[in-house]
Amino acid sequence: MGDDLLWAEVEIEPEIWQPMDAMSESPEGIFWIRQEIELAPGYSRFHDPVIILESHAAFQIFWDGHLIGQSGQVGETAQDETPGFARAIFGLPPALMTAGSHTLAIRTSSMNRAPGQAFFLTVEFADAGTLIRSERHRNALAGAAAGLSLLLVVLFIYIAIIRPAQRGRFLLAAGLSAAALAIIALELSTQAFAFSYPLTFWLENMAALPAVMLYLGLPLFVALRFELQQVFLWPVLAGAALLASLLAGHVVAADTDLIAFAALCFLGMGMGITLLRAARRNAVVIFSAFAICLITIFLDRQNLSFFLVAIAILFSAELVFDLVYQEIRMARLSAKASRLQVEVLSRHIQPHFIMNSLTTVMELYETRPDEAVGFIEDLAAEFRQFARMADQTLVTLDQEIVLCRAHAGLMSRRMGKDLRVLTDIADMQAMLPPGVIHTLLDNALTHNSYDALEVVFHLAQTTDATGTAYIFKAPFGERTSHRSVSSGTGTRYINSRLNEAFGNQWSLAAGPEEDKWVTRIHIEARP
């Protein structure tokens, strides 16, 4: 402690200097730091040496008693001191870079520190050309990551607007991308611009907020993205890990950031293992991202925030690619469903169906004229209902039952029997793809020949925690071919429309039970 310009000289009294590894407290006033440095022969021939000095202070730097640079104005009081830049680079004259022992002396003061701002000093030797290239590459990568993060923010906000059902998930993704963008912007600002050290301190502290947002938001995003049970358990565990890391860093004087980052990596790997055990698609991306970041701790401990940014961008990109995949898949399913829909419709308007219907009309006019008009009205009603529902992805169960009963009434007149559709439905506003139950009814009439004057079909609905089931029961006719699951146009139409509407969250089972053919369609409950 103290101030004497003679302390910059090589030859001084050593008794006044105290060897140290770290300061026990932040110093006040002007103080000096000296370091003996040994240079190998020929060092300056292979390097263009520079000294990189990082500190929250004003300082002058001396090499073998020669002043080679300064940042700010060193002073005894805060009023006398002009804060220097938090990071400064000084070139070393080749004439001073001879082989052997040299003395680096730093005269410094740090009186303008903000409350809670500790003093630190980092000195690094580097080759000027290597330093320029590495920083250029780093800034280029950071700029590209910032541009990608901004693009993802805009994209996810747009998707959240046009997809209200998934708004929460995409707004969270937009928030994570915005946090990543904030970290990059703050990091680039302190690296690319020469701010004085109080401002740099506040900028560095501002970066803690988006870093914590990423720390807690990444587990929540993964839980929502893959629809894990107990969604909020994972960010709570992340918060507990963060608090435990802060406590551990205080107790054992360890690097809190390092402990917290390692804890997040282990938590993320645990989520990845959970997803892998559930055989979830893209689960390997989650596990691999956190595993790789855990390995990088041993390679670069100075850029942990950038690794958080990298994970956020990777997960956002995975969500975008999955969204594109789902759109392509849905487009294909929609095209397939439309084709099958045309096939199903064509079964009802094919020539022999029209011919049989017209023949029935003529017979009714000759034998039962009063029923002929009713038959024509039922035929028109069924076609109108089909036309009304054909281009919709989902219709209410009430609409579907109206269509089924119209078809049953039409076929009753044509076959001279009483065909009825009875229902046991609690929620008539439940949604199903159009024509699904109608196709089951038509399949039953196609595969069975009924001699009985009365034929009853039954549709029931049950709901529990796993989802909603629709059970359609069709009696066997006296002559039937309905003994195995069909793979014809009707069944393919049902599968296609269920895929289009519910993705993979449905199942269909069919088979004989006693004297009936029973079909069960189960729609899984959505979280």
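Residues numbered from 1 in each chain as written. Predicted model: local features only at pLDDT ≥ 70, side-chain atom pairs only at ≥ 80, totals over all residues. Heavy atoms only, no water.

**What to know about the packing of helix 7 (residues 256–277) against helix 8 (residues 283–296)**
In the contact formed by helix 7 and helix 8, the axes pass within 8 Å of each other and the chain directions differ by 155 degrees. One way to sum up the angle between helix 7 and helix 8 is to call them roughly antiparallel. In this structure, helix 7 meets helix 8 at a crossing whose hand is left-handed. Side by side, helix 7 and helix 8 meet where Phe 261, Ala 262, Leu 264, Cys 265, Phe 266, Gly 268, Met 269, Gly 272, Ile 273, Leu 275 and Leu 276 of the first sit next to Ala 283, Val 284, Ile 286, Phe 287, Phe 290, Ala 291, Cys 293 and Leu 294 of the second. Looking at side-chain class alone, the contact of helix 7 with helix 8 contains 17 nonpolar, two polar and no charged residues. (Axes fitted to C-alpha atoms, helices over the stretch in contact; angles between N-to-C directions. Helix = DSSP H or I, 4+ residues; strand = E, 2+ residues; numbered from the N terminus. Parallel < 35°, antiparallel > 145°, perpendicular 65-115°, else oblique. Left-handed = near helix turned anticlockwise from the far one by under 90°. Contact = heavy atoms within 4.5 Å. Nonpolar A, V, L, I, M, F, W, Y, C, P; charged D, E, K, R; others polar.)

**A short note on the packing of helix 12 (residues 397–415) against helix 13 (residues 436–447)**
In contact at an axis separation of 8 Å, helix 12 and helix 13 are set at 25 degrees when each is read in the N-to-C sense. Taken together, the axes of helix 12 and helix 13 lie roughly parallel to each other. Here helix 12 and helix 13 pass one another in a crossing that is right-handed. Between helix 12 and helix 13, the contacting residues are Glu 400, Leu 403, Cys 404, His 407, Ala 408 and Met 411 on the first element and Val 436, Ile 437, His 438, Leu 441, Asp 442 and Leu 445 on the second. Broken down by class, the residue content of the contact of helix 12 with helix 13 amounts to eight nonpolar, two polar and two charged.

**Let's talk about the packing of aromatic side chains**
Following the criterion strictly, the structure yields nine aromatic pairs and no others. Judged by centre distance (5.6 Å) and plane angle (20 degrees), the ring pair of Trp 32 and Phe 62 falls under stacked. Pair noted here: Trp 32 is in strand 1 (residues 30–39) and Phe 62 is in strand 3 (residues 58–63), with a separation of 30 residues, a long-range link. Accessibility expressed as a relative area gives 7% for Trp 32, which makes it buried. (Phe/Tyr/Trp six-rings, centres within 6.5 Å; stacked < 30°, edge-to-face > 60°. Buried < 20%, exposed > 50% of the residue type's maximum accessible area, 1.4 Å probe, protein only.)

**Regarding the sheet that holds strand 2 (residues 49–55)**
Spatially, three strands are ordered 5-2-7 in an open sheet, and the strand pairing comes out antiparallel. Edge positions in the sheet fall to strand 5 (87–91) and strand 7 (121–127), since each of these pairs with one other strand and no more. For this sheet, the mean inter-axis angle between neighbouring strands, taken without regard to orientation, is 20 degrees. With seven bridges connecting them, strand 2 and strand 7 associate as antiparallel partners. Bridge pairing in strand 7 links Val 50 to Ala 126. (Pairing = 2+ DSSP bridges.)

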